Amino acid sequence: MRVLHLSWEYPPHIVGGLGRHVYHITHELVKLGVSVDVATIGYEDSHISDDGVNVHLVDAFKVRVPDFSSWVHSFNIFMVTELSHISGIDLVHVHDWLTAPAGIVLKHRFKVPLIATIHATEYGRRGGLHSLESRHIHEWEWLLAYEAWKIIVCSSFMANEVKSILGVPSDKVIMIPNGVDKSLLNFKPKYERSNYALPWELLVVFYGRLVYEKGPDSVIRAFAKLLTRLGNVKLVIIGDGPMREHLVNLANQLGLGSKVYFTGRVSDDELYSVIYHSNLVILPSRYEPFGISSLEAMALGKPLITTNRGGPTDFVRHMDNGILANPDNPDEIAYYAEMVLKDEGLAKRLGERARETVTKGYTWDIIARKTYEVYKATLEERVRVNW
Amino acid sequence: MRIIGFSWEYPRIGSQLTDLQYLVLSLSSILRALGHDVTLVVPGGVNPPDYSGVKVVGINLPIRDYPNVVSYGLSSSMQVIANMRYSINGEFNRIICFEWGGCLMGLLAKSTQPCCMGSSINCVVLSTEYERGDPGNNIIASSIASIEGWVFRQCDGVYAVRQGTADNLRNRYNVKATYVPLIEELGKVIAK
């Protein structure tokens, strides 16, 4: 079985979770005996082998473009011209609308089924379609969903979203969650706790892009309330984004001063070290198709307060392996934070159960096996179709 | 000879004729009159009547909204190519493309469509962005000029119907274009 993945992100070019997803799933598929090609953007047309994965780097900067959507279409054209000569492809697997144009053309070129993983929708990301560009992207998402043989989504929330927003029939949608790297289960910190908090301080951590949908402002507001009840707490905010200045100002206005530490972007090793040393992780996203960052905290065995919206509701059971809270209610977040930080037994139990959840169903080898089953079933159907 | 053409535009009954539509209509008619089998592929779901023995195939564009003309040009080409396979029969000896939009479609067709893989690709240029717009000061025009340069360089032959266009193709894009002022002569040169 030879599968061609099309993704605009692939390490070292990483923007969000999509690149990591493609990296891990393709490497695990290779272990299952699948021949995997990945086409992604690069700075020159070249080909490399990455632990058995054939990576086709396509120069995405051959022409000048005025905006993002034009750039996306331009590198899709370059992908098609570079890849159309490949032979023996059984399936084309597209990740989000960003490679949908190339995926659709190559589907018809090779007459093979198209599998689409929809990680998020434009409607969901923007809270509606408020611009011409958003409508354009939404229409491409619709076309991708229409052309796909099967659509993979990462959560029940996303399954409902693609069904309601893109009008996809239920039997076309398959839910396969994201996963975490198994090595995280045995992670040993490479950075000292003392870099982030004093020995007597309880360490609370938020990490992610500093954008409204991730809810970092709610964490700061909740932390301000928590600080009035517990003096020995410290908040570390890891990540960067357009909200950073606003958040720094907010922390100052609330009089949090040295109790909040903004690290900016850090390496994965440093990020996981801080989580490892923390007493509580708070990730109150307002829009979260899956919530891979929640899963990472769980893999590290940390008590977690996450959002009661979207993907995390699939794998977090309230007060069993984590806590689900309303991201727009800092009082609720502060209430649960105080409960966990004051009760060591509860924190330990939440962390242990969280780790157990990850081990049983959310590692990439498990996810890849489920994806492989989708491939197999699709190819069996393809054989029976006169196309 | 079997010839397939790609263009953004083809004349429509009741609407004013543009320069590009005139060029496409007259060149395809001449090629037909010279005895060639001519099929034209254009975006849009409506197939115009068979005026002069030229088969015109409209390929529906499912995407309706585009942020700008560059996005339209790049995106519509992919939509046409994705679905043309089911509307075109047989193989073609020659691809003729009109302007950068048609040229993108032709290039993609040559890369992906079994009917076009063995064809040579020829582009007819009415004007370059340097004649129509201001690539030095306008981001859209600058982008179109950049795409024109890239796409024309991929063609086996480039033909200009004006001397100024041929000069721009050579000086701005480093593309060696043949200047052919008469459409009848252009038909003969392309189908030679």
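Description of the structure in this document. Source: prediction; values computed, not measured.

### Details of the overall build of chain B
Next, step 1: Looking only at helices and strands, one finds 7 helices and 7 strands in chain B.
Next, step 2: Reading chain B from its N end, one meets helices and strands in the order β-α-β-β-α-β-α-β-α-α-β-α-β-α.
Next, step 3: What you see for chain B is a C-alpha radius of gyration of 16 Å, in line with the 16 Å of a compact globule of 192 residues.
Next, step 4: If you line up chain B on its principal axes, its C-alpha atoms span 45 × 40 × 35 Å.

### Things to note about the overall build of chain A
Next, step 1: Secondary structure summary: chain A contains 14 helices and 14 strands in total.
Next, step 2: Oriented by its inertia axes, the alpha-carbon framework of chain A measures out at about 70 × 45 × 40 Å.
Next, step 3: Of all 387 residues assigned to chain A, the portion counted as buried reaches 51%.
Next, step 4: Intrachain contacts of chain A at a sequence separation of at least 6 include 65% that bridge at least 24 residues.

### A word on the nonpolar core
All names here are of chain A.
Next, step 1: With 179 residues, the main nonpolar core has Ile151, Val204, Val205, Ile282 and Ala337 as its most contacted residues.
Next, step 2: Among the elements that take part in this core, helix H2 (residues 68–83) stands out by supplying 8 residues, more than any other.
Next, step 3: Here this core gathers at least three residues from each of two domains, domain 1 (2–179 + 364–383) and domain 2 (182–361).
Next, step 4: The contacts of Ile282, once residues within four sequence positions are left out, are Val204, Phe206, Val219, Ala222, Ile305, Ile333 and Ala337.

### Focus on the sheet that holds strand E9 (residues 202–207) of chain A
All names here are of chain A.
Next, step 1: With parallel pairing, 6 strands are arranged side by side in an open sheet as E11-E10-E9-E12-E13-E14. This sheet does not close on itself; its edge strands, each paired only once, are strand E11 (260–264) and strand E14 (323–325). On average, each strand axis in the sheet is tilted by 25° relative to the strand beside it, whichever way the strands run.
Next, step 2: Note: E9 against strand E12 (residues 280–283), 2 bridges, orientation parallel. Bridge pairing links Val204 to Leu280 in E12.
Next, step 3: Set on the sheet, helix H9 (residues 268–277) makes contact with E9, strand E10 (233–238) and E12; between it and E9 the angle comes to about 140°.

### Points about the interface of chain B and chain A
Next, step 1: Residue-level contacts link 28 residues of chain B with 27 residues of chain A.
Next, step 2: Looking at the side of chain B that touches chain A, the elements that each hand over two or more residues are helix H2 (69–84), helix H3 (99–112) and helix H5 (139–153) of chain B.
Next, step 3: Here the side of chain B that touches chain A gets 8 residues from one element, more than from any other, and that element is H2 of chain B.
Next, step 4: Along the lines of polarity and charge, the residues of the side of chain B that touches chain A split into 16 nonpolar, 9 polar and 3 charged.

### Some points on H5 of chain B
Next, step 1: Its 15 residues give H5 of chain B an end-to-end C-alpha distance of 21 Å, which sits within 8% of 21 Å, the value for a rise of 1.5 Å per residue.
Next, step 2: Within H5 of chain B the residues assigned to the buried category are Ser143, Ile144, Ala145, Ile147, Glu148, Gly149, Trp150, Val151 and Phe152 of chain B.

### Some details on the pairing of E10 of chain A
Residues and elements named next belong to chain A.
Next, step 1: With 6 of 6 residues buried, E10 lies mostly within the body of the structure.
Next, step 2: Of the two faces of E10, the one lined by Val233, Leu235 and Ile237 and the one lined by Lys234, Val236 and Ile238 are each fully buried.
Next, step 3: Inspection of the sheet shows E9 paired to E10 by 6 bridges, in the parallel sense. Along E10, the bridge assignment pairs Leu202 with Val233.
Next, step 4: Note: E10 against E11, 4 bridges, orientation parallel. From the neighbouring strand, Ile238 faces E11, where its bridge partner is Gly264.
Next, step 5: With helix H8 (residues 244–253) bridging E10 and the parallel E11, this β-α-β connection has right-handed handedness.

### Remarks on the sheet that holds strand E7 (residues 150–153) of chain A
Residue and element names in this part refer to chain A.
Next, step 1: The strand order across the open sheet formed by 8 strands is E3-E4-E2-E1-E5-E6-E7-E8, and the pairing between neighbours is mixed. Only two strands of the sheet have a single partner each, and these edge strands are strand E3 (46–50) and strand E8 (173–175). Averaged over all adjacent pairs, the angle separating strand axes in this sheet is 25°, with direction ignored.
Next, step 2: With 6 bridges joining them, strand E2 (residues 35–42) and strand E4 (residues 53–59) adopt parallel strand pairing. Paired with Thr40 across the two strands is Leu57, which belongs to E4.
Next, step 3: Sheet strands in contact with helix H6 (residues 156–165) are E7 and E8, and its direction is about 165° off that of E8.

### A closer look at unusual backbone geometry
Residue and element names in this part refer to chain A.
Next, step 1: Of note, the bond from Pro11 into Pro12 is cis; its omega dihedral lies within 30 degrees of zero at 10°.
Next, step 2: One can find Pro12 in the loop between strand E1 (2–6) and helix H1 (17–31).
Next, step 3: The backbone of Met319 sits at a positive phi, close to 65°, despite the residue not being glycine.
Next, step 4: Relative to the helices and strands, Met319 is located in the loop between helix H11 (312–315) and E14.
Next, step 5: When the 14 C-beta atoms within 10 Å are taken as the criterion, Met319 is described as partly exposed.

### Remarks on the packing of helix H1 (residues 19–33) of chain B against helix H7 (residues 183–190) of chain B
All names here are of chain B.
Next, step 1: Packing of H1 against H7 brings their axes to within 9 Å, and their N-to-C directions diverge by 55°. Between H1 and H7, the interaxial angle falls into the category oblique. Viewed along their axes, H1 and H7 form a crossing whose handedness is right-handed. In this structure, H1 contributes Ser26, Leu27, Ile30 and Leu31 to the contact, and H7 contributes Ile183, Glu184, Leu186 and Gly187.

### Digging into the environment of Glu44 of chain A
All names here are of chain A.
Next, step 1: Among the structural elements, Glu44 can be located in the loop between E2 and E3.
Next, step 2: Note on Glu44: 10 C-beta atoms within 10 Å, which makes it exposed.
Next, step 3: Between the alpha carbons of Glu44 and Val34 there is a distance of 27 Å; along the sequence they are 10 residues apart.
Next, step 4: Filtering out sequence-adjacent residues up to four positions away, Glu44 remains in contact with Leu57 and Asp59.

Reading the values: the criteria
- Residues numbered from 1 in each chain as written.
- Chains lettered and ligands numbered in written order.
- Predicted model: local features only at pLDDT ≥ 70, side-chain atom pairs only at ≥ 80, totals over all residues.
- Helix = DSSP H or I, 4+ residues; strand = E, 2+ residues; numbered from the N terminus.
- Rg over C-alpha atoms; globule rule 2.2 N^0.38 Å.
- Buried ≥ 20, exposed ≤ 12 C-beta atoms within 10 Å, placed from the backbone.
- Contact = placed C-beta atoms within 7 Å.
- Core = buried A, V, L, I, M, F, W, Y, C linked by C-beta atoms within 7 Å.
- Domains from an automatic or database assignment.
- Pairing = 2+ DSSP bridges.
- Axes fitted to C-alpha atoms, helices over the stretch in contact; angles between N-to-C directions.
- Nonpolar A, V, L, I, M, F, W, Y, C, P; charged D, E, K, R; others polar.
- Expected span 1.5 Å × (residues − 1).
- Right-handed = clockwise from strand over helix to strand, strands pointing away.
- Parallel < 35°, antiparallel > 145°, perpendicular 65-115°, else oblique.
- Left-handed = near helix turned anticlockwise from the far one by under 90°.

These values are about where atoms sit, not about what they do.
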